[in-house]
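Observations on chain architecture
If you want the building blocks of each chain, they are given just below.
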Amino acid sequence: MTDYTTHIISEDELSLFIRPESEPLRAMALLRHQIQNWALAGKNFSLFGQVEQKELSMQDGSVFFVQHNPERIRSAAAKVDQKSLSERPCFLCGKHLPEAQKGIKLFEKYLLLVNPFPIFKTHFTIPSLEHTEQRYEGRIRDFLSITRELKGLTLLYNGAKCGASAPDHFHFQAFGEFDLPVFGYKTQQLNERVLVGKYPFAFVKLVSDDLNQMDVELNGILKKLKVVEDEEEPRLNLLCRMVKNQWELILIPRTKHRAASYFNMGEEQILVSPGAVDFSIVIAPRKEDFEKLDGAAVMQIMEEVTLPFEELYTLLVG
């Protein structure tokens with residue numbers, strides 16, 4: 001287990017930033033504290049107000065946003081092969097965190113940290129206290145429980161080959177103040193709790209107010225998904241939120257880490273590395289990519305990296 005002792009914020013210090021109208025109280029207090037006391041976070045959350053964003057309406061009625069966010073180049077361009085990972089320090093381990101970065105323990109297993117390179121006005125990273133690889137096995141109930149604990153925020157999981165820039169250290173992320181379009185896309189019902197969507201990409205939606213039901217249903221679906229070659233788990237992204245004491249979870253099965261356009265040369269390259277957020281807000285760190293990303297380009301990327309609907313449907317009902 002990595003040592004985070006010096007990075008855990010005291011309750012006395014946290015209490016100075018709590019406001020009665022905030023929910024969840026402690027997470028928002030941490031954000032206010034870090035913006036005020038950690039220069040990097042303060043600078044980047046201030047600059048976030050200058051981030052450009054445009055809206056794209058698709059033919060099927062769905063909506064995507066494209067965000068030009070230069071600070072996210074670290075994630076989009078991250079080298080996640082084993083050699084590169086072994087040659088760089090783990091930036092989520094306690095001994096490598098900046099001195100000013102503080103966090104809150106969650107369930108004695110995770111640490112809630114402010115993400116200093118935000119995609120949203122409220123953005124957190126939630127690493128495991130133990131340095132272990134990005135695999136969801138044994139973590140699904142944690143994912144659902146943290147979503148309930150941080151009610152008001154949306155939680156996400158990026159698989160090791162599906163947008164995670166630190167696949168060597170397990171982590172979730174959480175964010176607020178933005179209603180992702182993916183939660184409102186059209187679906188057809190398979191049973192009381194499971195729905196499936198076809199446009200603008202294939203996805204599964206789970207809805208329940210019962211933690212045990214969500215846990216069992218999601219794990220059952222995960223067992224049906226195929227594993228690519230010799231990888232440890234199926235490629236996927238997860239998004240989850242609480243709405244009126246009910247879990248709403250989106251599962252997006254993946255086939256590829258990055259689209260072919262990511263590896264093109266010169267003007268043909270589009271440096272987009274899709275994670276869970278990109279299925280509603282496509283993150284373009286480079287200005288030239290932000291300008292060239294239209295509806296057709298976005299749909300090409302989505303279709304290329306996600307499982308075809310017919311294959312997903314067959315897995316679910318077969």
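No experiment lies behind these values; they were computed from the predicted model shown.

Before going further, it helps to examine the pairing of strand β10 (residues 203–208). With six of six residues buried, β10 lies mostly within the body of the structure. Along β10, one buried face is formed by Phe 203, Lys 205 and Val 207 and the opposite face, lined by Val 204, Leu 206 and Ser 208, is buried too. The pairing of strand β9 (residues 194–197) with β10 spans four bridges and is classified as antiparallel. From the neighbouring strand, Val 194 faces β10, where its bridge partner is Leu 206. Hairpin connection of β9 to β10: five residues between the antiparallel strands.

Before going further, it helps to examine helix α6 (residues 140–149). Most of α6 is tucked away: seven of the 10 residues are buried. Those residues of α6 that sit buried are Ile 140, Asp 142, Phe 143, Leu 144, Ser 145, Ile 146 and Thr 147.

Moving on: the nonpolar core. Core analysis: the largest hydrophobic core is formed by 53 residues, its most contacted members being Leu 112, Phe 124, Ile 126, Leu 150, Phe 172, Leu 249 and Leu 251. If sequence neighbours within four positions are ignored, Leu 112 has contacts with Ala 27, Leu 30, Lys 102, Gly 103, Ile 104, Leu 106, Phe 124, Thr 125, Ile 126 and Leu 150.

With that out of the way, let us pick up the sheet that holds strand β13 (residues 281–284). The strand order β1-β2-β13 describes an open sheet built from three strands, whose pairing is mixed. Unpaired on one side and paired on the other, β1 (52–57) and β13 mark the two borders of the sheet. Adjacent strand axes in the sheet meet at a mean angle of 20° when their direction is disregarded. Packed on one face of the sheet, helix α9 (residues 295–305) meets β1, β2 (63–68) and β13 and runs near 100° to β2.

With that settled, consider the sheet that holds β10. Taking strand neighbours across the sheet as the criterion, the 10 strands line up as β3-β4-β5-β7-β6-β11-β12-β10-β9-β8 in an open arrangement whose pairing is antiparallel. Where the open sheet ends on each side, the last strands, each with one partner, are β3 (103–106) and β8 (188–189). Along the sheet, helix α7 (residues 211–224) contacts β9, β10, β11 (236–243) and β12 (246–253); its crossing angle with β10, the most-contacted strand, is approximately 160°. The strands that helix α10 (residues 309–317) touches are β8, β9, β10 and β12; relative to β9, the one it contacts most, it runs at about 165°.

Taken as a whole and assessed by the stated rule, the structure comprises 17 aromatic pairs. Measuring from ring centre to ring centre gives 6.0 Å for Phe 120 and Phe 178, while their planes differ by 55°; the resulting arrangement is tilted. Of the two residues, Phe 120 sits in the loop between β4 (110–114) and β5 (122–127) while Phe 178 sits in the loop between β7 (171–176) and β8, which places them 58 residues apart along the sequence. Assessed through its relative accessible area of 3%, Phe 120 is described here as buried.

Glancing now at the side chain of Asn 158. In this structure, Asn 158 sits in strand β6 (residues 154–158). For Asn 158, a relative accessible area of 7% corresponds to the buried category. Here Asn 237 takes part through its side chain, which lies 2.9 Å from a polar atom of the side chain of Asn 158.

This part takes up the side chain of Gln 101. With respect to the secondary-structure elements, Gln 101 resides in the loop between α5 (82–86) and β3. One polar contact links the side chain of Gln 101 to the main-chain carbonyl oxygen of Val 114, over a distance of 3.3 Å.

Turning next to the packing of helix α2 (residues 25–37) against helix α3 (residues 39–47). Their axes nearest at 5 Å, the elements α2 and α3 cross at an angle of 100°. On the basis of the axis angle, α2 is roughly perpendicular to α3. Facing α2, whose interface residues are Leu 31, Gln 34, Ile 35 and Asn 37, α3 presents Ala 39, Ala 41, Gly 42 and Phe 45. Across the contact of α2 with α3, the residue classes break down as five nonpolar, three polar and no charged.

Another point: the packing of α6 against α7. The geometry of α6 relative to α7 is characterised by a closest axis approach of 9 Å and an angle of 140° between their N-to-C directions. Taken together, α6 and α7 sit at an angle that is classed as oblique. As for how α6 packs across α7, the hand of that crossing is right-handed. On α7, the residues touching Ile 140, Arg 141, Leu 144, Ser 145 and Arg 148 of α6 are Leu 211, Asn 212, Met 214, Asp 215, Leu 218, Asn 219 and Leu 222. Of the residues in the contact of α6 with α7, the class split is six nonpolar, three polar and three charged.

About the criteria used
- Residues numbered from 1 in each chain as written.
- Predicted model: local features only at pLDDT ≥ 70, side-chain atom pairs only at ≥ 80, totals over all residues.
- Heavy atoms only, no water.
- Buried < 20%, exposed > 50% of the residue type's maximum accessible area, 1.4 Å probe, protein only.
- Helix = DSSP H or I, 4+ residues; strand = E, 2+ residues; numbered from the N terminus.
- Pairing = 2+ DSSP bridges.
- Core = buried A, V, L, I, M, F, W, Y, C linked by side-chain atoms within 4.5 Å.
- Contact = heavy atoms within 4.5 Å.
- Axes fitted to C-alpha atoms, helices over the stretch in contact; angles between N-to-C directions.
- Phe/Tyr/Trp six-rings, centres within 6.5 Å; stacked < 30°, edge-to-face > 60°.
- Polar contact = N/O pair within 3.5 Å; in protein donor to acceptor, adjacent residues only side chain to side chain.
- Parallel < 35°, antiparallel > 145°, perpendicular 65-115°, else oblique.
- Nonpolar A, V, L, I, M, F, W, Y, C, P; charged D, E, K, R; others polar.
- Left-handed = near helix turned anticlockwise from the far one by under 90°.

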